[in-house]
Structures are given as structure tokens and as C-alpha cells.
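Report on the structure
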Amino acid sequence: MILVVGYGYWGKVLSKIIVKNGFSIDYIFTSKAKPLESYKGDLEFTTFLPYHMLFNILASVASRKSIFIFIASGPVHHFSIISSILPFLLLHLNIYIWCEKPFIASQDQFSYFN
């Protein structure tokens, strides 16, 4: 299962690369105000959802063999995204995360993971 979090400039770039290499994206999470259907284009079989649904989707698919999460949101959101899915990271060793920018922005955030 492949999830992309963020569908701005880098989220679109990552999504195209993933699809171009023969993979399908199961879900894309976005905060955009546009109707989610307007993003489809080449990703006709991908489900677009708002950010707040990430936790629910992970809860429903956590038993899958492998889950790959590509985070391409603004850096200010990375810590809240990572910390919201931390329970899944601790319970399931089959979740892999790639973040396009650093996912912590302060010493306090770093200390949270220590």
C-alpha cells in the first residue's frame, strides 16, 4: 500500500514518479480547498482524502504486509503528521516513511522522539 501525504508541488512530483515506475497510489491526503475530484488527472484509481483521515486509514489497513508513506507537505506539518502516526510506527514494523524535508524543526520536537 502506498500513501502520499501532501499534494502541492512536491506531492504531485512524487506521485508522478511513483506511478511512472509502475506503482499505484492507494491514497493521497491533501489540505487543498478545491474539490478533491479536481486532482485526479493521471491518478484516476487513487482516492483523495483530507489530511485528518490519515489516522483512520492507517487504523483500517495496519495489518497489511507493507505500508509506504511519502510525506510531501509543508515542513511545519511534518512533526504533527509523524507524531499522529507514531502509535502505528511502534506497533507495526511494516510501515516505511519517506519525508521530503526534515520532519523536526526544533529541539523540543527532537526531544519528543528520544
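Every value quoted in this text rests on a predicted model; they were computed, and no experiment measured them.

**Digging into the pairing of strand S4 (residues 67-71)**
Of all the 5 residues making up S4, 4 are buried; the element is thus mostly covered by neighbouring parts of the structure. Pairing between strand S1 (residues 2-5) and S4: 4 bridges, direction parallel. Bridge pairing in S4 links Leu-3 to Ile-69.

**What about helix H1 (residues 9-20)?**
Compared with the 16 Å implied by 1.5 Å per residue over 12 residues, the 17 Å span of H1 between its first and last C-alpha is a close match. Gly-11, Leu-14, Ser-15 and Ile-18 are the residues of H1 that are buried. End-on view of H1: buried residues confined to an arc of 100°, all on one side of the axis. Opposite the packed face of H1, turned more than 90 degrees from it, sit the exposed residues Tyr-9, Lys-16 and Lys-20.

**Points about the packing of aromatic side chains**
In this structure the tally under the stated criterion is 5 aromatic pairs. On the basis of an interplanar angle of 80° and a centroid distance of 5.3 Å, the ring pair of Tyr-7 and Phe-48 is categorised as edge-to-face. Placement of the pair is Tyr-7 in the loop between S1 and H1 and Phe-48 in strand S3 (residues 47-50), with a sequence separation of 41 residues. When sorted by exposure, Tyr-7 lands in the same class as Phe-48, which is buried. Ring geometry for Phe-70 versus Trp-98: centroids 6.2 Å apart, planes at 50°, classification tilted.

**Concerning the side chain of Ser-73**
Take Ser-73: it is sitting in the loop between S4 and helix H3 (75-91). If we skip the residues at most four places from it in the chain, Ser-73 touches Val-5, Gly-6, Tyr-51, His-78, Ile-81, Glu-100 and Lys-101.

**Here's the deal with the nonpolar core**
Nonpolar side chains in soluble globular proteins tend to be buried together. Of all hydrophobic cores here, the largest spans 19 residues; its most connected members are Leu-3, Phe-29, Leu-54, Leu-58, Ile-67 and Ile-69. Going through the elements one at a time, S1, strand S2 (27-30), helix H2 (54-61), S4, H3 and strand S5 (95-99) are the ones with two or more residues in this core. Residues in contact with Leu-58, not counting those within four places in the same chain, are Leu-3, Ile-67, Ile-69, Ile-85 and Phe-88. Membership of the second largest hydrophobic core comes to 10 residues, among which are Ile-2, Ile-18, Ile-25 and Phe-48.

What counts, and where the lines are drawn
- Residues numbered from 1 in each chain as written.
- Predicted model: local features only at pLDDT ≥ 70, side-chain atom pairs only at ≥ 80, totals over all residues.
- Heavy atoms only, no water.
- Buried < 20%, exposed > 50% of the residue type's maximum accessible area, 1.4 Å probe, protein only.
- Helix = DSSP H or I, 4+ residues; strand = E, 2+ residues; numbered from the N terminus.
- Pairing = 2+ DSSP bridges.
- Expected span 1.5 Å × (residues − 1).
- Arc of directions from axis to C-beta.
- Phe/Tyr/Trp six-rings, centres within 6.5 Å; stacked < 30°, edge-to-face > 60°.
- Contact = heavy atoms within 4.5 Å.
- Core = buried A, V, L, I, M, F, W, Y, C linked by side-chain atoms within 4.5 Å.

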